[in-house]
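What follows is the residue order along each chain.
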Amino acid sequence: MLPKVANHLLLHTSRAVALVQNQSGTLRNVLQSGPAAGAGSWGSAGPGTGPGGAKFNAGGKFYKGYTGAGRAITHANSAAAQDSATKGDDEREDVKATIVTPRSSSSRRPRTLARRHSLSFPAGRNDHERQMDVSVLQTIQTHLRERHTFALATAKEQQDELQAVHESRSARTRRNSTASHTSSEEMAPLVSPALGDQPPSTMETFTSHSTTATPKDVEATEPESEENANLSPFTLTVNDALARNDTNVVIAHIQWLIDPSNSPALSYPEPTIGEFNFAIRTLLALKHNTTTGLLVKLYNALLARGLRPNLGTYIHMILGLTNRDHEIQKSFKILEYQTKLARLSERAAAGVEDVATQQYNQTRKATLLAEDNFATAMTIFEAACITTPRANKAEPRGAPLALHFPLSVYHGLLRSCAAHANVDAAIRVYTQLESSRGSAPFYPSALVLYQLLSTYINAGDLTGAKEVFAEFQELSSKGLLLHSETKLKSQIQMWNKMVEAHFRVGQPAGALRLLEMMLDGERSGKDAAIPLPASSTFTTIISGFCSPCPSSSAGKPDIESALSWFDRLLQQPSASRDPYEPTQNPSRPDQLSWIVMVNTLAQASTENKAYPKDLNRLFDILVECAPKDGLEVRSVDTLMALDANLHFLEEVAKAHEAGVQIEGMAEQAKASLEFIARHFPDGTTHLSGSYLSPNAIADDFARAYPHFVRLGMAQEGWKIAESLVAYEEKVILNAYPQSKEIPKYSKMAVTNVLPLAFEAVDPPNSPTLVQTLPIMRLAGRLAIPPTPSIASHHLHAYLTAPLQSRQQLSLADQEMTLLCALALPVQPSSSDVLSPPGCAYTGLMGLLRALHDVPVDIRKLPSGSKITTRVTEALYTNYNEHDVSRFLGELHDSFQCFELPLAKRSDEQGEVPHAPTPPPVSMYPAGIPTPPTHIFVDTGVSRQIDQWSLSYSSLTVHDGYAALQAFVSRSRYPHPATLGRLIGGLGRARDIAAVQWVYSIAQQVIFSPFVSQNPTWQSQAWFQIEDHMIVAYAHTGDIEAAFTHRDRITAAGGAPSPDAYGSLIECVKDTTDDTSNAMALFAECQMLGTKPNVYLYNTIISKLAKARKADFALELFQQMKANPSLRPSSITYGAVIAACARVGDTSAAEQLFEEMASQPTFKPRIPPYNTMMQMYAHTKPDRERVLHYFNKMTEANIDPSAHTYKLLIDAYGTIEPIDVNAMEDVFKRIESSRNAQLQSSHWAALINAYGCVLKDLDKAISIFESIPSHPSANRGTPLPDSVTYESLISVLVTHKRMDLAQNYLARLQASGVHMTAYIANLLIKGYAADGAIDEARSIFENLADPASGVAAPGNHVPHNSTSAPVSPNPISYREPSTWEAMFRAELGNGDRDRAVALLERLQQRQFPPAVYNRIRGIMLDDSVSPWGQSPESHSPSQSPSPSPSRPVPMILSRASHYIAPHPAFGIQHLTSDTR
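The shown structure was predicted, so the numbers you read here are calculated from the model rather than taken from an experiment. Throughout this document, residue positions are counted from 1 along each chain, in the order its sequence is written. In keeping with the model being predicted, local features are shown solely for residues with a pLDDT of at least 70 and side-chain atom pairs are shown and tallied solely at 80 or more, while totals for entire chains, interfaces and linings include all residues. Processing note: side-chain calculations cover all non-hydrogen atoms of the structure and skip hydrogens and water entirely.

A. Molecular detail of the overall build of the chain. In this description a helix means any DSSP run of H or I spanning at least four residues, a strand means any run of E spanning at least two, and both kinds are numbered starting from the N terminus. When you go through the chain residue by residue, the secondary structure sums to 63 helices and zero strands. Residue exposure (1.4 Å probe, protein chains only): buried if accessible area is under 20% of the type maximum, exposed if over 50%, otherwise partly exposed. Per-residue burial for the chain yields a buried fraction of 54% across its 1475 residues. Here, two residues are considered to be in contact whenever any of their heavy atoms come within 4.5 Å of each other. Sequence-distant contacts in the chain: of pairs separated by 6 or more residues, those separated by 24 or more amount to 74%. Using the Shrake-Rupley algorithm and a 1.4 Å probe, accessible areas are obtained, with residue cover drawn only from the displayed protein chains. Just so you have it, the chain exposes about 62400 Å², and 51% of that area is on carbon and sulfur atoms.

Structural data, given as structure tokens:
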């Protein structure tokens, strides 16, 4: 008996079916009320027999055998295990299907199911064709162990070779090939929720009931138990790394398992299968971004080592691969859904295409498809089907390992089969699962049948789906199914899926018959397995109508029928509590139904102008019903509804412009605007979960506002502008509660519509204060400067308003009025045309008199001195001093702040900042084409191009550049600000050609008529582009070009931004006095009134730190902290700490470090830690403090860098007491580290420690000689390089072995290694000490001088050892320290005249005075000779040894006598050396 409410809800089934058959699939009236044919029954025909009829055969499910490799192997295995099997006729080319006698079962009768596909799988182990010689089986197994790795061609080769075993199958054609595992038609993303995809947590194993093997047997026959593997050194080390969250160490060890050459520093015994399984489990737990690739490589490595995968190997590999495949399928659905949303937005935005996003999505999809995890999982599954747990060949062969798989493995495989619509693979998996029960009755789980059903549905095979469904019905009625969910939920999910199946193949009548059965079926006996429908059932039907239907015209969805069903459901009295709760009385639509309906109507509204009305009606109901029905109004649904209405409005506007009049469209357009106004987010909108992006909402406002104006609803339109600002402010405060940031997206959108807002004033020639005031208040709130047109309109409204109205205005309103006056001529002439006609504004003085009449207290204006300074400048620029003084004297006292005494004016006029003026046409660069007249700046285009700059985006600046080129080719242009950001990004990428092209486009946009009509905007845009050109050229190293654009800005009365000055300072390098040049730029920026930001402070402090000017660096740091709008970053602290560390101010450095670490926003970075370690390793040697900061670094979860390890070597190898073992341990850690590669600086530090500190010359030489044979020698720059040669020559000079030094110098030159100035310094020092002053002079004279004012190139090692060699230039250039070395050598040799001559040459080189004075000051030192008598005895009296047992090495002697080696040694340079 059908309940009364359902009878009213649903039409008689026979009518519905007839409607399907006779109205081309249109079911728009199926829910229309009509007379019931029976007493509440859906159809007089009764429940019927239902779909299908044929049942599964427990022993032989399908009538044809599997012909692929899996079939051959499985049959071979069966033949070997069961000698009684009958031989098949392998000689016959056409083998007919044979029905196999099923296993006896007391509970299941034999049944057959017609298999319509040519590829099928064997039913059980008694198949008639399973006989195969044991030797053939062994050959196949051996071959698979050696070959079934996952190179591109290998899988296919295996299939071909295994296929050859059963040549009798070769003639059987296949219509559904398993060779390709690409995804076929996928389910629509908005359908009834699928049965839980996750496999059960329990690892239930379906083992065979035969005596061939048991789980214990499997474990006993493994070569090594997992427990023993977990105690091996390899697993213990990896477990320790996991406990420390050191992913890099874990990956390094897994790479070693794959190929020991990947991690040469690691050494373990030959790995076992247990260790491989442990590595596989570890990889799956890590969920690393390279997990899948490493997983396959790990499995291949296991086979390559001759190991046999065991049960655990197969289980974890298959689960890992199928889970990853499931993640990829979900990613595909997300990408597909995002594409739909993007298409809707693109159509609504008049064809703007999100090029960058499309490219990213295509690349992402191709990358995911390339993994092909399903094919790999099936290959491993086939291997498990033939692999038996034999420890050796002498033991009897057991059952295949696949028979012991837990159910979760089959669930994972079948889930992937469904996703890829691969029926043949699903049957193969199901057959193996069936075989796992041996002779016992087999009853699949509900989840297995659901996934099998999904596979057929996705493959478009309704007949196969019916057969699976019939099997489910029978087993369910007998209570023989295993349910992962509740039984009732599993039943509803299967019935829903079957309903979906009929819609997917274009048979909605069949779907309605199923619904009839659910409504009319008896709940006992034969029909006990038929559940009542749930809300998800009706959702499935609605989704079916909304999906493209092959049987309808043009394959379009039947939206009218979906709406009919949906509307009837809306009339039901109760809400859905659970989508799978069966009920006699249908409930109102659930959440998924709403999603389906809103999504469908939004997408369809772009093609049919009738659907926005339905969309708006339903969305209003959703908002109203959501609280009481427990529904969520999702932000994405709101955005879709707004976009759909905007598209409709734009289409109506196009029709209106074309002169096409459509009846009722104007009323519907106003209804759409009212809908937008109702649902536009504002300051009261609740922010939870994924809320609407202010950027998207601002774009929607910018598109909607012109329609509000066009249809006479300007006032309502401006209210949503206020809503937009309030909403974005709320979003900002939600993220940053103390923020005072101006809503940038709102500002951009409101700026674009401001002129239109004033045009909408009615009457346009006589705006009132009531009309203009809301507009100007919002502009002031967003700090939008008024344009002349806007300013004149508002001033006219202000000056014509009654005095009482003006007196009610706030001080902010009064200040905005002053700002409007400053946007206009101070004394308008007859040639100045102000709008509206007859504008009441006569000049600045007239306005000031009006403000005096209010009266306004000028001293209390919000901007204070800023506004008064500008007004003062305007007055004194346009009037003489006496007139200004006399005028101000007539006003009340507060206006006296505008008065400027004559003397003060003449002295300080230059201090008054000048506002930049619009660029004259003469500033248009030569060689750039004249701007097209049709240029239009598009906000949507700007947003698409700007995607590269978002912090979370994976796009690059060149993706943005490509998007710009595509848009320009279609005559669509972005905002100048977007072009500026692109210029800066391309400059940082050093793409000069791209920078210049974008600059030419920017000039065309700036000087186009569209931008020129707004002089303020044009001026700002011009300065912004020039400013970004400074940044771009600075980063490309073209300082001259950067200064050219700086000069253009200053010549136009402006000043570069702090970012521009920061870039100039940062990129000033390779000069003889970088610091002085940087300071000059910083002084210039302050003189021009540019206020430093954090980036500018960071760059100048860093320059000062490198020059050891700690006092000035600290002064700027304190200046920065005193500014409440600036907050020092970790980079700032790192720079100022480095300044203190370089001069040895340990207390200040430590205090600053603690202050940095205590900041609430502190994010640990490695440079400050390394700086503190370096200070205590070199400047103020203290090993305990070095280790203290190293430990703090590791506690902060920072991986040590290559420089960190180098500092540790120095700490153990140069600070007393020397700890050789610890030093060597650090070196070994570098060799095994995945983060830090072994570099030349590490070798140099080791050589220095042994040769100069420990005085072990032989050891130092042996270390140097071992470098070429070490694996690190062939990574990046070949070793030994100039740094390692320098370290050895330093040792030889220390030991006075210039004979050896000469030999190594010859080797250096023969090997092509560049000889740096620092090597020359050591040779000059060594030869001079050895009495060979002529050799020292020869070394010096063979060096070259760089260009005047330019630093010597090629002397500094790259920060990354894998970079190119130090310098490809064979010429070696002198450094200031080289002059100093030669100067000391001449003085030490007693040749003062030569030393003076050197000074004269040095002076001619125009070195900075500090360098010249330092070297000249050496002549005043009594101890000019730095050379000691021997390595053992050298210890200057001025610098006593820190240890009585070990003299100070020569290179660590008093700084005034020290000739600096290369910085890579870590030994500090001369304090004032400007290198």
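B. Highlighting the environment of T600. In this structure, T600 sits in helix α23 (residues 591-604). The buried category is assigned to T600, whose relative accessible area is 12%. Taking the C-alpha atoms as reference points, T600 and S543, separated by 57 residues in sequence, lie 9.0 Å from one another. Excluding its chain neighbours within four sequence positions, the residues that come into contact with T600 are C546 and I559. Identification of polar contacts relies on pairs of N or O atoms within 3.5 Å, with a donor-acceptor requirement for protein atoms, meaning one able to donate a hydrogen and the other able to accept it, and with residues adjacent in sequence counted only if both atoms are side-chain atoms. A polar contact of 2.7 Å, which involves the side chain of T600, links it to the backbone oxygen of V596.

C. Inspection of the packing of helix α17 (residues 446-458) against helix α19 (residues 487-504) at higher detail. Note on geometry: axes are lines fitted to C-alpha atoms, helical ones only across the stretch in contact, with angles between N-to-C directions running from 0 to 180 degrees. At a minimum axis separation of 10 Å, α17 and α19 run at an interaxial angle of 5°. In terms of axis orientation, α17 runs roughly parallel to α19. Facing α17, whose interface residues are A446, L449, Y450, L453, S454, I457 and N458, α19 presents S490, Q493, M494, K497, M498, E500, A501 and R504. Residue composition of the contact of α17 with α19, by class: eight nonpolar, four polar and three charged. When describing relative orientation, an angle under 35 degrees is termed roughly parallel and one over 145 degrees roughly antiparallel, while 65 to 115 degrees is termed roughly perpendicular and anything else oblique. Gly falls in the polar group here, along with every residue not listed as nonpolar (Ala, Val, Leu, Ile, Met, Phe, Trp, Tyr, Cys, Pro) or charged (Asp, Glu, Lys, Arg).

D. View of the packing of aromatic side chains. Pairing of aromatic side chains requires ring centres within 6.5 Å, counting the rings of Phe and Tyr and the six-membered ring of Trp. Pairs whose planes differ by under 30 degrees are stacked, by over 60 edge-to-face, and all others tilted. The tally for this structure, following the rule as stated, stands at 28 aromatic pairs. Taken together, a centroid distance of 4.8 Å and an interplanar angle of 85° make the contact between F566 and W594 edge-to-face. Linking F566 in helix α22 (residues 559-570) with W594 in helix α23, this pair joins segments that are 28 residues apart in sequence. For the residue pair F566 and W594, the accessibility class agrees, reading buried in each case.

E. Examining the nonpolar core more closely. Only buried Ala, Val, Leu, Ile, Met, Phe, Trp, Tyr and Cys residues count toward a nonpolar core, and they belong to the same one when joined by side-chain atoms within 4.5 Å. Of all hydrophobic cores here, the largest spans 163 residues; its most connected members are I1100, L1323 and F1383. Broken down by element, this core gets its largest block of residues, eleven residues, from helix α43 (residues 1015-1036). The contact partners of L1323, leaving out residues within four places of it in the chain, are I1289, M1298, A1301, L1305, M1315 and I1339. Counting 115 residues, the second largest nonpolar core, distinct from the first, contains C385, L449, M518 and Y611.

F. Inspection of the environment of L1308 at higher detail. Structurally, L1308 can be placed in helix α58 (residues 1298-1311). Residue class for L1308 comes out buried when judged on its relative accessible area of 0%.

G. Quick peek at the side chain of D590. In this fold, D590 is placed in the loop between α22 and α23. Buried and without a salt bridge, D590 has R588 as its closest oppositely charged side chain, separated by 11 Å. Engagement of the side chain of D590 in a polar contact is seen with the side chain of S535, the distance being 3.1 Å. Once residues within four sequence positions are removed from consideration, D590 is found in contact with S535, S536, T539, S576, P579 and L631. Just so you know, the count uses Lys and Arg for positive and Asp and Glu for negative, and it drops His and the chain ends. Here, a salt bridge means any Lys or Arg side-chain nitrogen found within 4 Å of an Asp or Glu carboxyl oxygen.

H. Fine view of the confidence of the model for the chain. The quantity known as pLDDT measures the predictor's confidence residue by residue, on a range of 0 to 100. When pLDDT is averaged across the chain, the result is 75; 72% of the residues are at 70 or more. Here residues 902-916 is a poorly scored stretch, pLDDT under 50, and it has 15 contacts once near neighbours within four places are set aside; other chains count. Low confidence marks residues 1422-1475, where pLDDT is under 50. Its contacts with residues over four positions away, or in another chain, come to 131 contacts.

I. Geometry of unusual backbone geometry. In this model, V854 is joined to P855 through a cis peptide bond whose omega is -10°. Of note, P855 is situated in the loop between α34 (844-853) and α35 (865-878). Positive phi, normally seen in glycine, also occurs at A421, with a value near 55°. Even without a glycine there, the phi angle at N1197 is positive, about 60°. By the secondary structure assignment, N1197 is in the loop between α52 (1183-1195) and α53 (1202-1214). A relative accessible area of 66% places N1197 in the exposed class.

J. Focus on the pattern of salt bridges. Overall, the coordinates contain 41 salt bridges when judged by the stated rule. In this structure, R577 and E581 form a salt bridge, with 2.5 Å as the shortest nitrogen-oxygen distance. Its relative accessible area of 72% is what places R577 among the exposed residues. Residue E581 is classed as partly exposed on the basis of its relative accessible area of 28%.

K. Broad picture of the packing of helix α59 (residues 1317-1329) against helix α60 (residues 1333-1341). Taken N-terminus to C-terminus, the directions of α59 and α60 make an angle of 165°; their axes are 7 Å apart at the nearest point. On the basis of their axis angle, the class for α59 and α60 is roughly antiparallel. The two elements α59 and α60 meet at a crossing, and its hand is left-handed. Residues A1320, L1323, I1324, Y1327 and A1328 of α59 pack against I1333, E1335, A1336, I1339 and F1340 of α60. Here is the rule for handedness: rotate from the far helix to the near one, and if that takes an anticlockwise turn smaller than a right angle the crossing is left-handed, while a clockwise turn gives right-handed.

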